[in-house]
Amino acid sequence: SRRLSRLTSGVLEMIRDDRKPPPPRISPQVTDEEIDQTLEQFSPLFAELELQDVRDLSATRLVGLDRDLLEMILVNLLSNVEKYAAAGKRVDIQSRLDGARLSIVVQDYGTGIPRRKYRSVFRAFTRLDNSIHAPSGTGIGLTIARAAARRHGGGLRLVNSQQGSRFELVLPVQ
């Protein structure tokens with residue numbers, strides 16, 4: 001039910017009128033605790049897939065951010081790891097606070113995304129593999145995640161990686 005609720009929220013986030021997005025609901029949070037709680041939701045599935053999460057978390061200070069938006073972004077990124085990169089058997093999550101800037105990196109070790117597809121992965125309903133054997137999905141997860149990051153005043157990008165896929169999230173915090 002939590003997953004369905006997040007999907008519904010994500011779809012609403014995606015179709016929201018870009019000219020009048022509601023402001024983020026900022027409240028005091030410890031980012032690393034939010035990351036741990038989100039990873040806990042994936043724990044049973046990751047264990048079943050023998051997918052190890054390696055955490056390098058150093059955003060331990062209390063900061064102002066929108067917890068729901070952060071969770072929405074992380075869930076979409078981790079869902080993609082579960083669906084497309086579990087064969088890599090590992091996902092790294094890093095967090096850093098630099099003044100009023102929060103940086104979170106999610107790096108998997110799956111097959112990765114071809115460089116020529118970097119821009120298109122954030123377009124709604126874009127899937128790299130639409131074959132019958134591809135994992136189920138709608139192609140809106142990364143669109144939702146980027147829209148949530150932008151609503152928070154930040155950004156989400158896919159960056160070049162030696163292996164797998166590497167997403168960098170940057171958010172301003174108070």
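Residues numbered from 1 in each chain as written. Predicted model: local features only at pLDDT ≥ 70, side-chain atom pairs only at ≥ 80, totals over all residues. Heavy atoms only, no water.

Chemist: For the overall build of the chain, give the residues involved together with the corresponding values.
Modeler: Of regular secondary structure, the chain possesses four helices and seven strands. Sequence-distant contacts, at least 24 apart, represent 73% of the contacts inside the chain between residues at least 6 apart. For the chain, the exposed surface amounts to about 9700 Å²; the carbon and sulfur share of it is 49%. (Helix = DSSP H or I, 4+ residues; strand = E, 2+ residues; numbered from the N terminus. Contact = heavy atoms within 4.5 Å. Areas by Shrake-Rupley, 256 points an atom, 1.4 Å probe, with all protein chains shown as cover.)

Chemist: How would you summarise the sheet that holds strand 6 (residues 155–159) if you had to cite specific residues and measurements?
Modeler: Read across the open sheet, the five strands follow the order 2-4-5-7-6; overall the sheet is mixed. A strand with exactly one partner marks an edge of an open sheet, and here the two such strands are strand 2 (52–57) and strand 6. Sheet twist, expressed as the mean angle between neighbouring strand axes with direction ignored, is 15°. Seen against the sheet, helix 4 (residues 141–151) touches strand 6 and strand 7 (166–172) and runs at an angle of roughly 135° to strand 6. (Pairing = 2+ DSSP bridges. Axes fitted to C-alpha atoms, helices over the stretch in contact; angles between N-to-C directions.)

Chemist: So what about the pattern of salt bridges? Which residues, and what values?
Modeler: Under the counting rule described, the total for this entry stands at eight salt bridges. One network of salt bridges, with partners in common, ties together Asp36, Asp53 and Arg55. (Salt bridge = Lys/Arg side-chain N within 4 Å of Asp/Glu carboxyl O.)

Chemist: Any details on helix 2 (residues 31–48)? Residues and values, ideally.
Modeler: Compared with the 26 Å implied by 1.5 Å per residue over 18 residues, the 26 Å span of helix 2 between its first and last C-alpha is a close match. The sharpest bend along helix 2 measures roughly 50° and falls at phenylalanine 42, with the proline proline 44 sitting one to four residues further on. Along helix 2, the residues that are buried comprise Thr31, Asp32, Glu34, Ile35, Thr38, Leu39, Phe42 and Phe46. Just beyond helix 2, the residue with positive phi is glutamate 50, at close to 55°. (Expected span 1.5 Å × (residues − 1). Bend = angle between axes of the 7 residues up to and from the residue. Buried < 20%, exposed > 50% of the residue type's maximum accessible area, 1.4 Å probe, protein only.)

Chemist: Describe in detail the environment of glutamate 168, supporting the description with residues and values.
Modeler: Within the secondary structure, glutamate 168 is located in strand 7. For the pair glutamate 168 and isoleucine 104, spaced 64 residues apart in sequence, the C-alpha to C-alpha distance is 5.9 Å. Setting aside anything within four residues of it in sequence, one finds glutamate 168 in contact with Ile104, Val105, Gly155, Leu156, Arg157 and Val159. Side-chain polar atoms of glutamate 168 contact the side chain of arginine 166, separated by 3.4 Å. (Polar contact = N/O pair within 3.5 Å; in protein donor to acceptor, adjacent residues only side chain to side chain.)

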